[in-house]
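# Structural characterization, general
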Amino acid sequence: MKENVIELKNVRKEFVTTKHYPGFKGAVKGLFTKEKMRKIAVDDVSFEIKKGEIVGYIGSNGAGKSTTIKMMSGILTPTSGSCLVNGLEPYKERKKNAKNIGVVFGQRTQLWWDLPLSETYTVLKEIYEVSEQDFKERLDFFEQVLGLQEFIHNTVRTLSLGQRMRADLAAALLHNPKVLYLDEPTIGLDIVVKDKILQAIREINKKYSTTVILTTHDINDIEKLCQRIIIIDEGKKIYDDGLEHLKKDYGYNCTIYFEWKDRMEVSQECMLQNMDEKIEFIKQERGAQVHFSKKDFTIAEVIAKVMGIVEVRDVQIQETELTDIVKKIYQSGVRKGL
Ligand SMILES: Nc1ncnc2c1ncn2[C@@H]1O[C@H](COP(=O)(O)OP(=O)(O)O)[C@@H](O)[C@H]1O
Ligand SMILES: [Mg+2]
């Protein structure tokens, strides 16, 4: 059994803000009455993450992802509940915790705007007390997986978004943290840079057994990287399980599009008579759309059934996409694994 690197127990974060009224009258009113508003950003969230796991932390905008990351990084203190990262409470031992974690926020850089990237790394080396040998070895490795060489002597302000993200990732990893938090690291990136970053994360995880928590809107990132996902919705955890499990539980629906051979005509009645009642058959101009659940039949069985009745020119299989599955979970608010 691997050790837990992260443990959250009933973590809750409430923000209290002052209500603002519009206009001059509102401003005057605001001087005398300070009406407070409470927002529960993270609501009773518990989970454990083991060493070396790559976990996707997903949810729609405002779901509470960044707030959770900030509590695990020590930037915010939970209103209640407990959060342990490497056995430390991050917000109580920020300095010690900082040695164990690396953070990348896709929305803003952690780098010094006016310094050449190479100097930024030298400063970080001193701050985190990285030995000369480790420093060299790690930069070599980052160069391999992220390709920093072409812009390492440029100032950060001149880097493109894709270069900056690669630079940020290397900076977050220079002290070889046990845990890496990535908050929307691929936002706004083109597909080539995105893939490069995902690949680098995978290799870093493999080489150093770094535990990775990745928040993203992009389900593709998750599919490429994570075996496990946690879904958060309106501050509540609504799913925590394997990706395969998610697909299995929710991804049963399948549609196959058939195109008949030249001028074939098959009546609805004929199909219905010869097919199973669990298979839905919708006639189209030159073929048919067939819906079924993979709980009842395999794709091969359905294709064989149809081909037993009619000659087929072409088939197209459309399985439920992970995005659709996640949408369905948000909508139904299925509470799993709580
Ligand atoms: N500093 C803050 N003060 C008040 N409300 C906040 C603050 N930070 C976040 N929130 C609110 O908490 C909720 C969760 O925000 P966040 O964790 O940033 O969501 P996500 O990262 O999933 O998009 C949102 O409704 C957001 O408006
Ligand atoms: Mg966020």
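Residues numbered from 1 in each chain as written. Chains lettered and ligands numbered in written order. Predicted model: local features only at pLDDT ≥ 70, side-chain atom pairs only at ≥ 80, totals over all residues. Heavy atoms only, no water.

If you check an unreviewed UniProt entry, the protein appears there as ATP-binding cassette domain-containing protein from Agathobacter rectalis.

## A few points about the sheet that holds strand 12 (residues 287-293)
Under the convention used in this document: The pairing criterion for strands is at least two bridges between them, as found by DSSP. Counting from the N terminus, the helices are the DSSP runs of H or I reaching at least four residues and the strands are the DSSP runs of E reaching at least two. Every axis in this analysis is a line fitted to C-alpha atoms, fitted for helices over the stretch in contact. Angles between the N-to-C directions lie between 0 and 180 degrees. Throughout, a residue-residue contact means that at least one pair of heavy atoms, one from each residue, lies within 4.5 Å.
Within the open sheet, the 4 strands sit side by side as 11-12-10-13. Their pairing is antiparallel. Of all strands in the sheet, those with a lone pairing partner are strand 11 (280-283) and strand 13 (312-319), marking the two edges. Neighbour-to-neighbour, the strand axes of the sheet open up by a mean angle of 20°, direction not taken into account. Taken together, the 7 bridges between strand 10 (residues 253-260) and strand 13 define a ladder with antiparallel strand orientation. By the bridge assignment, Glu 259 is partnered in strand 13 with Asp 314. Together, strand 10, strand 12 and strand 13 form the strand contacts of helix 11 (residues 299-309), whose direction differs from that of strand 10 by roughly 30°.

## Here's the deal with the domain arrangement of the protein
For clarity, the cut-off: In this document the domain limits rely on a domain assignment from an automatic tool or a database.
Under the domain assignment used here, the protein contains domain 1 (4-112 + 175-248) and domain 2 (252-319). One C-alpha centre belongs to domain 1, the other to domain 2; they are set 44 Å apart.

## Observations regarding the packing of aromatic side chains
The test is simple: Each Phe, Tyr or Trp ring, with Trp reduced to its six-membered ring, pairs with another whose centre is within 6.5 Å; inter-plane angles below 30 degrees give stacked pairs, above 60 give edge-to-face pairs, and intermediate values give tilted ones. The buried label applies to any residue whose accessible area, calculated with a 1.4 Å probe on protein chains only, is under 20% of its type's maximum; exposed applies above 50%, and partly exposed to all values in between.
Across all of its chains, the model carries 4 aromatic pairs by this definition. Relative to Phe 142, the ring of Phe 141 has its centre 6.2 Å away and its plane inclined at 45°; by these criteria the two rings are tilted. With a centroid separation of 5.8 Å and an interplanar angle of 85°, the aromatic rings of Phe 141 and Tyr 208 are classed as edge-to-face. Of this pair, Phe 141 sits in helix 5 (residues 132-146) while Tyr 208 sits in helix 7 (residues 191-208), and the two are 67 residues apart along the sequence. Relative accessible area serves as the criterion here: at 8%, Phe 141 is assigned to the buried category.

## Some remarks on the sheet that holds strand 5 (residues 101-105)
Within the open sheet, the 6 strands sit side by side as 5-6-7-3-8-9. Their pairing is mixed. The sheet is open, and its two edges are formed by strand 5 and strand 9 (236-242), each paired on a single side. For this sheet, the mean inter-axis angle between neighbouring strands, taken without regard to orientation, is 15°. When strand 3 (residues 54-58) meets strand 8 (residues 228-233), the two strands line up parallel, connected through 4 bridges. Across the sheet, residue Val 55 finds its bridge partner in strand 8, namely Arg 228. Set on the sheet, helix 6 (residues 161-173) makes contact with strand 5 and strand 6 (179-183); between it and strand 5 the angle comes to about 165°. Most of the contacts of helix 9 (residues 243-250) go to strand 9, to which it runs at about 105°, and overall it touches strand 8 and strand 9.

## Description of helix 7
Here is the rule we go by: Helix span, expected: 1.5 Å multiplied by one less than the number of residues in the helix. Think of it as the arc spanned by the lines of direction from the helix axis to the C-beta atoms.
A rise of 1.5 Å per residue sets the reference length of helix 7, with its 18 residues, at 26 Å; its end C-alpha atoms lie 26 Å apart and thus fit the reference within 8%. Residues of helix 7 that are buried include every one of Val 193, Lys 194, Ile 197, Leu 198, Ala 200, Ile 201, Ile 204 and Asn 205, and no others. In an axial view of helix 7, the angular spread of the buried residues amounts to 155°, which keeps them on one side of the axis. Across from the buried face of helix 7, at angles greater than 90 degrees, the exposed residues are Ile 191, Val 192 and Lys 206. Where helix 7 is buried, its residues contact strand 3, helix 5, helix 6, strand 6, strand 7 (211-216) and helix 8 (219-225).

## Regarding the packing of helix 4 (residues 117-127) against helix 6
Rules: An angle below 35 degrees is treated as roughly parallel, one above 145 as roughly antiparallel, one from 65 to 115 as roughly perpendicular, and anything else as oblique. Crossings are sorted by hand: turned counterclockwise from the far helix by less than a right angle, the near helix makes the crossing left-handed, and turned clockwise it makes it right-handed. Residues are grouped as follows: nonpolar covers Ala, Val, Leu, Ile, Met, Phe, Trp, Tyr, Cys and Pro; charged covers Asp, Glu, Lys and Arg; every other residue, Gly included, is treated as polar.
Where helix 4 meets helix 6, the axes come as close as 10 Å, and the angle between the chain directions of the two elements is 15°. With respect to each other, helix 4 and helix 6 are oriented roughly parallel. The handedness of the crossing between helix 4 and helix 6 comes out as right-handed. The residues of helix 6 that touch helix 4, namely those facing Leu 117, Tyr 121 and Leu 124, are Ala 167, Ala 170 and Ala 171. Among the residues forming the contact of helix 4 with helix 6, the class breakdown is 6 nonpolar, no polar and no charged.

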